Amino acid sequence: GDFRAALQRHGDSDGLALALQPKGRLKDGHVVGAEALIRWRHAERGPLSPADFLPMAQECGLMVELDRWVLDEALRLQRNLMNLGHQLPLSINLSVEGLADVQLAGNVSAALLRWGVPSSLLEIEIPEGALMRDVEVSGRVLAELSALGVRISIDDFGTGYSSFAYLARFPVSTLKIDRSFVRDMCTKAASKTIVRSLVSLAHALSMDVVAEGAETDAEMAMLRRMHCDVVQGFGYGRPLPFDTFVSFVSQRM
Ligand code: G
Ligand code: G
Ligand code: NA
Ligand code: MN
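Being a predicted model, the structure only gives us computed values, none of them experimental. Just so you know, the residues in each chain are numbered from 1, in the order the chain's sequence is written. Think of it this way: whatever chain is written first is A, whatever ligand is written first is 1, and the rest follow in order. Given that the model is predicted, a residue must reach a pLDDT of at least 70 before its local features are reported, and side-chain atom pairs must reach 80 or more before they are shown or counted; all residues, however, enter totals for whole chains, interfaces and linings.

Chemist: Got a minute to help me understand the site of ligand 1 in this structure?
Modeler: Using a C-beta atom placed from the backbone for every residue, we mark a residue as near a molecule or strand if that atom lies within 6 Å of it. By nearness alone, every residue bordering ligand 1 is listed as Leu-37, Ile-38, Ser-49, Pro-50, Ala-51, Leu-54, Asp-67, Val-70, Asn-93 and Ser-95. Note on conventions: DSSP H or I runs of at least 4 residues are helices, E runs of at least 2 residues are strands, and numbering of each starts at the N terminus. At three residues, the largest contribution of residues to the shell around ligand 1 is made by helix α2 (residues 50-59). Nonpolar residues are Ala, Val, Leu, Ile, Met, Phe, Trp, Tyr, Cys and Pro. Charged residues are Asp, Glu, Lys and Arg, and all others, Gly as well, are polar. The class makeup of the residues in the shell around ligand 1 is six nonpolar, three polar and one charged.

Dropping the structure here:
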């Protein structure tokens, strides 16, 4: 009930909100985009993280509705960013249920028009596991989305079981290396090897590569030596409320 009500509201102090986590180009530290991450400022329980409420939303069958809310809110924020003179793609996360929503591409197209946002400024992140669950459905959805000009990235890469045949065939622009490998990169030789291999794999497939969850300077330096393109992690920037994100961007242009 609580959550359903929060889905109906926008921008309240006690509703759902999107935090923006900056993505930085390793070469020069410039902001090249951001990922929208959902937060719930609960009136009584304080700020809740997705781990606290996404399972509940899933059980209640609200994921498709949640994904639609996120799409609309992310494009509202993108419109505000554009109005401030910024040209930064924002990415949103898609749930397994959202990926199977037959109205997805139609909704994305309508929302882009409604907010006057060019499709090149929207990116959709799909976890590797969700993408490979049903490659027939994924193939169809990805074709529809990329026909709109929306960029697609594979999230949490390395944790699922990718068929490389499909990976090469899907219209994917970016591969995001899962945080677990980046976290252990400086202490475990195997993790370092995996990260280096995933960077090579992405580049061989003409994809950009983002390393998730880098927290230390040592990790960022290692990623730079590996010619990883982009970093997203606490070491570069935390998920921020819109206004704080705008200040962050202004300081790194
Ligand atoms: O923001 P945080 O790292 O706490 O997110 C935890 C998990 O919740 C991550 O797996 C992330 O993908 C998921 N998540 C965060 N925001 C969204 C969202 O807007 N939609 C969906 N479907 N998942 C999200
Ligand atoms: O599943 P997905 O990759 O969408 O989840 C992103 C999640 O990872 C978010 O909840 C975000 O808060 C979290 N995250 C991003 N960077 C870091 C980091 O450097 N360290 C840790 N521990 N979590 C991070
Ligand atoms: Na993500
Ligand atoms: Mn991820």
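Having seen the model, we can carry on.
Chemist: Looking at this structure, how should I read helix α10 (residues 189-204)?
Modeler: Owing to its 3.6 residues per turn, the α-helix aligns residues three or four sequence positions apart on the same side. The terminal C-alpha atoms of α10 lie 22 Å apart, and with 16 residues this matches the ideal 22 Å at 1.5 Å per residue to within 8%. To assign burial, the other C-beta atoms lying within 10 Å of each residue's own C-beta are counted, with C-beta atoms placed from the backbone; 20 or more indicates buried, 12 or fewer indicates exposed, and intermediate counts indicate partly exposed. Within α10 the residues assigned to the buried category are Val-195, Leu-198 and Ala-202. Taken end-on, α10 shows its buried residues confined to a sector of 65 degrees, consistent with a single buried face. Opposite the buried face of α10, at more than 90 degrees from it, the exposed residues are Ala-189, Ala-190, Thr-193 and Ala-204. Think of it this way: build a C-beta for each residue from its backbone, and any pair within 7 Å is a contact. Contact partners of the buried residues in α10: β6 (151-157), β7 (174-177), α9 (179-184) and β8 (208-212). Phi turns positive one or two residues past the end of α10, at Ser-206, with a value near 60 degrees. The span expected for a helix works out to 1.5 Å for each residue beyond the first. Regarding the arc, it is the one traced by the directions from the helix axis to the C-beta atoms.

Chemist: Got a minute to help me understand the pairing of β7 in this structure?
Modeler: Here β7 shows a buried face lined by Thr-174 and Lys-176 and a second buried face lined by Leu-175 and Ile-177. In this sheet, β7 lies alongside β6 in parallel orientation, the contact comprising three bridges. Paired with Ser-153 across the strands is Thr-174, a residue of β7. Viewed along the sheet, the connection from β6 through helix α8 (residues 164-169) into β7 turns out right-handed. In the sheet, β7 pairs with β8 via four bridges, with the strands oriented parallel. Bridged to Ile-177 within β8 is Ala-211. A pair of strands is considered paired only if DSSP assigns at least 2 bridges between the two. Orient the strands so they point away from the viewer, and a crossover whose first-strand-to-second-strand path over the helix runs clockwise is right-handed.

Chemist: It is not clear to me how the site of ligand 2 should be interpreted in this structure. Could you clarify?
Modeler: As a structural note, the neighbourhood of ligand 2 is formed by Gln-21, Leu-37, Asn-93, Asp-155, Asp-156, Glu-212, Gly-213, Glu-215, Gly-233, Phe-234 and Pro-239. For the shell around ligand 2, the class distribution of residues is three nonpolar, four polar and four charged.

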